[in-house]
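# A closer look at the structure
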Amino acid sequence: MNEQGIMHVPDSKYCFPLEEHSLAIRLRLDRRDAIEKVELVYECKYEIHEKQKCVCMERRYEDKLFAYYETQLPLSDVRLAYVFRIWEDGKGYYFSEDGLSENYDFTLGYFNFFQLPYINKADIHEEVDWLPEAVFYEIFVDRFCIGGHNKDKSYINMEWGGRPTPKSFAGGDIPGITMKLDYIRELGVNALYLTPIFRAVSNHKYDISDYHTVDEHFGTNEDFGRMVQEAHRRGMKVVLDAVFNHCSEFLPQFQDVLRRGKESPYFDWFIIDGDKPDQDHLNYEVFSFCAYMPKFNTSNPRVQEYLLDIAISWIRKYDIDGWRLDVSDEISHDFWRTFRKRVKEVKKDCVIIGENWHDANSFLRGDQYDSIMNYAFTKACLDYYAFEDFGAQDFAWKLNELLMRNTKQVNAMMMNLLDSHDTDRFYTSVHCNKDRVLSAMAVMCMFTGAPCIYYGTEILLEGGYDPDNRRCFDWNTDNRDEGFLEMTKQLLAIRRQETVQRGEIRITSRGELFCLSRWLGEEELLLMTNESDEALQIDLTGEILAANLLQTGEQSERGRISGSLEKDGFVIIRGKKGGCGL
């Protein structure tokens, strides 16, 4: 047994409360070890020296290096002590805080057993109840739809549908979104994520000069309030983009610092090396290397109150349903802990989604964000579908690894995406292979968490890197691939299945077939994809919910699905748990 491969950390993603009387416990082992079984030996920490309970753990996930065993443990007494017993070659070995041993003395266990001393309600990361059911649609506002036909359009400097530049203005606005809510709802979407809407000089509005006012290019605060009301009337949530890491150089407070330097009462709102900001030599902290986007000093209590007031006022005034946090990993844990408490006091089910492109576990322990934009999922899909660095097994291993980064609650609330305003469009990345886009969307819709469609994906909008990925939506229906659009709707409808929203997940491969299974009670949904160079035979049992490039022959018996899954094809079937044929 590879002792270096064994990992368990109490009160972490390896041991976390699900409810007040329920825990999830995980143990990591070397995937190649010939383990016969793993047992969790446990009891109240004040009684384990005299008696113990035992439960077998299930081998649930595998990545390239490790296997992960898991159990969900109901408890009457939540003062838990435990050790693991790992069986290999007919012999059981104990694993405790002191490592691996052939024997274990429970009478002295108070020195070295693992423990979760108590489940405190405040430490339980509760799911935002609407997140597991959510299907997001991201809108880059300037490029979606022009609805304010009587507004001043003198700022518009590009033809609708033209190729954007960094300083292009196409005229999209909030009334345009309101006008298209029925279209968005008919796709199967029930949550909107809007890039920033506040006053700024750019087209993207990530350089905000007034956080309380909708930019005049996009309409008015009243237009936004009307849009939220109309979205809510259709059962749709609205999430806004919070740019709290930095602001515009035109923010009044920064302008005061530019004029008065250290004499300004706002000088310590920013991080400046010297007595005054020098925009030519950049002696102050900024976003990236952009002199026009000074970074807030979010350790300053006055800055914290300023930003918290912004976040809370938009919830109270307009009843928004969440904040997506721009560049959130460059802001302190301390600020986000305060942010969470204040936001959740005002609206408990207001979701908090960080923009962290990497492993964000330190922000996802229930005291800061609810989830993140899952760019690690994006990269895994690119490796499988675009770059062809992954085969089916590599893809399965990677997705399992991503699930093991976080708790079950966080996984259920992840915003999973194939592309966004910050990446190449996925359709372009896969060389305009629409079958691969459909297959990737099938994976995204079956994976744990909420799928997010970037506006225009459903009409095969192309685009390379920024700003090309921010092209205008084409509302000419004559240009649409209706078959692709209908398949997109069919895949998003899969999210309405309770088994997908709430069910367990298992990800494996069968040769070059990638396999993802979700189950709840006695029902199972199974996805298979084929990204090999040839057609692969399948033999399954169930009802087909969605499929592409699946060739089936005559059915030999009711519910039997036999045939050939072509390259770039996928199939999703529904059947009885364990009866689909996987």
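We now turn to the structure provided with this report. As the structure is a computational prediction, the values presented were derived from the model and not from experiment.

### A few points about helix α4 (residues 252-260)
Every buried residue of α4 is listed here: Q253, F254, D256, V257 and L258. Against α5 (301-318) lie the buried residues of α4. Of the residues flanking the end of α4, it is G261, one or two places downstream, whose phi is positive at about 60°.

### What to know about the pattern of salt bridges
What the rule picks out here adds up to 53 salt bridges. The salt bridge partner of E305 is R342, with a shortest N-O separation of 3.2 Å. Placement of the pair is E305 in helix α5 and R342 in helix α6 (residues 333-346), with a sequence separation of 37 residues. For E305, a relative accessible area of 41% translates into the label partly exposed. For R342, a relative accessible area of 26% gives the class partly exposed. Through salt bridges with shared partners, one network takes in R26, R60, E70, K408 and E504.

### Points about the nonpolar core
By size, the foremost hydrophobic cluster in this structure holds 145 residues, and its most contacted members are F136, Y137, F224 and W323. In terms of nonpolar packing, the next biggest core, distinct from the first, is built from 25 residues, L40, A67, Y69 and L116 among them.

### With respect to a nonpolar patch on the surface
A grouping of L108, Y110 and F111 is seen on the molecular surface, where their side chains present a nonpolar patch of about 380 Å² in accessible area. On the secondary structure map, L108 appears in the loop between β8 (99-101) and β9 (114-116).

### Notes on the environment of M446
Inspection of the secondary structure puts M446 in helix α11 (residues 434-446). Note on M446: relative accessible area 0%, which makes it buried. If sequence neighbours within four positions are ignored, M446 has contacts with I494, R495, V500, I505, L516, R518, L525, L526, L527 and I572.

What counts, and where the lines are drawn
Residues numbered from 1 in each chain as written. Predicted model: local features only at pLDDT ≥ 70, side-chain atom pairs only at ≥ 80, totals over all residues. Heavy atoms only, no water. Buried < 20%, exposed > 50% of the residue type's maximum accessible area, 1.4 Å probe, protein only. Helix = DSSP H or I, 4+ residues; strand = E, 2+ residues; numbered from the N terminus. Contact = heavy atoms within 4.5 Å. Salt bridge = Lys/Arg side-chain N within 4 Å of Asp/Glu carboxyl O. Core = buried A, V, L, I, M, F, W, Y, C linked by side-chain atoms within 4.5 Å. Patch = residues over 30% accessible without salt bridge, like charges linked within 9 Å, V, L, I, M, F, W, Y side chains within 5 Å. Areas by Shrake-Rupley, 256 points an atom, 1.4 Å probe, with all protein chains shown as cover.

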